[in-house]
Amino acid sequence: MDDLGRGLMAGFVATIVISLLMALRLSMGLMPWFYPIEILNLSAQELFGTPNSRWVGWAIHFVVGTGIWGVLFGWIVERLPGDTYTRRGILFGGIVWFVVMITVFPAAGSGFFALGFGWGISVWTLIYHLIFGFSLGATYGWLRSL
């Protein structure tokens, strides 16, 4: 398997990990008003005129996490600083968070860094993206070792 294939597989695993964490948070009743899938749905409606559907949000979530971020990670991982793939993944997760904060949230009407929701959401999504990066890098490194 090449680097892009490993990135794709690692991106899928990392997307499942944060999806499960998101579902766990919602099932515990923590911030039920903050549903990132709905934000993706609203962003897609605003940018592309897609229909109003959570399935659109979930599809975007998996396509972006797996096909865009995962493949991009596989493409640039060797150029990122850090002595382990996990550390490089965490750095990459932070970069992804920054990109999301200045693109997706403003497109959904939540403002830069999700400040329309309050600063806590910005911190919460940073934690999610660092976990995404950790999972991405750890899975990628494991796949490289096979």
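The sections below set out a description of the structure shown in this document.

### Concerning the pattern of salt bridges
Under the counting rule described, the total for this entry stands at five salt bridges. For the salt bridge of E78 with R88, the shortest nitrogen-to-oxygen distance reads 3.4 Å. One end of the pair, E78, is in the loop between α3 (54-76) and α4 (85-107); the other, R88, is in helix α4, and 10 residues separate them in sequence. A residue is classified by how much of its surface remains accessible, and R88, at 13% relative accessible area, is buried. Between R87 and D83 there is a salt bridge, with its nearest N and O atoms 2.7 Å apart. Neither residue differs from the other here; R87 and D83 are each classed as exposed.

### Here we look at the packing of aromatic side chains
Under the defined criterion, the tally for this structure stands at nine aromatic pairs. With 6.0 Å between their ring centres and 50° between their planes, F12 and F62 make a pair best called tilted. Note that F12 is positioned in helix α1 (residues 3-27) and F62 in helix α3, a separation of 50 residues in sequence. Residue classification places F12 among the partly exposed residues on the basis of a relative accessible area of 40%. A relative accessible area of 26% means that F62 is categorised as partly exposed. When the centroid spacing of 5.5 Å and the interplanar angle of 90° are considered together, the rings of F73 and Y140 count as edge-to-face. One end of the pair, F73, is in helix α3; the other, Y140, is in helix α5 (residues 119-145), with 67 residues separating them in the sequence. Relative accessible area serves as the criterion here: at 0%, Y140 is assigned to the buried category. Cluster of aromatic residues (ring-pair linked, three or more members): W69, F73, Y85, F92 and Y140. The cationic tip of R79 hangs over the ring face of W75; the distance from NZ or CZ to the ring centre is 5.6 Å.

### Here's the deal with the layout of surface pockets
Picture a little ball the size of a water molecule; that probe, rolled over the atoms, points out where space is still empty. Empty space within the largest pocket amounts to approximately 610 Å³. As for the largest pocket, its lining consists of 29 residues, of which L40, V64, V100, V104 and H129 are closest to the centre. Taken together, the elements giving at least two residues each to the lining of the largest pocket come down to α1, α2 (36-48), α3, α4 and α5. Grouping the constituent residues of the lining of the largest pocket by class yields 22 nonpolar, seven polar and no charged.

### Structural notes on the nonpolar core
With 22 residues, the main nonpolar core has F73, F92, M101, F105, F132, L136 and Y140 as its most contacted residues. Of all the secondary-structure elements, those providing two or more residues to this core are α1, α3, α4 and α5. Top contributing element to this core by residue count: α4, with seven residues. In this view, Y140 contacts D3, R6, G7, A10, F73, G74, V77 and Y85; residues no more than four positions away in its chain are not counted.

Basis of the calculations
- Residues numbered from 1 in each chain as written.
- Predicted model: local features only at pLDDT ≥ 70, side-chain atom pairs only at ≥ 80, totals over all residues.
- Heavy atoms only, no water.
- Salt bridge = Lys/Arg side-chain N within 4 Å of Asp/Glu carboxyl O.
- Helix = DSSP H or I, 4+ residues; strand = E, 2+ residues; numbered from the N terminus.
- Buried < 20%, exposed > 50% of the residue type's maximum accessible area, 1.4 Å probe, protein only.
- Phe/Tyr/Trp six-rings, centres within 6.5 Å; stacked < 30°, edge-to-face > 60°.
- Lys NZ or Arg CZ within 6 Å of the ring centre and 35° of its normal.
- 1 Å grid on protein atoms, 1.4 Å probe; cavity = no way out; pocket = protein on both sides within 12 Å on 5 of 7 lines; lining within 4 Å.
- Points joined across faces, edges and corners; volume = space filled by probe spheres on them.
- Nonpolar A, V, L, I, M, F, W, Y, C, P; charged D, E, K, R; others polar.
- Core = buried A, V, L, I, M, F, W, Y, C linked by side-chain atoms within 4.5 Å.
- Contact = heavy atoms within 4.5 Å.

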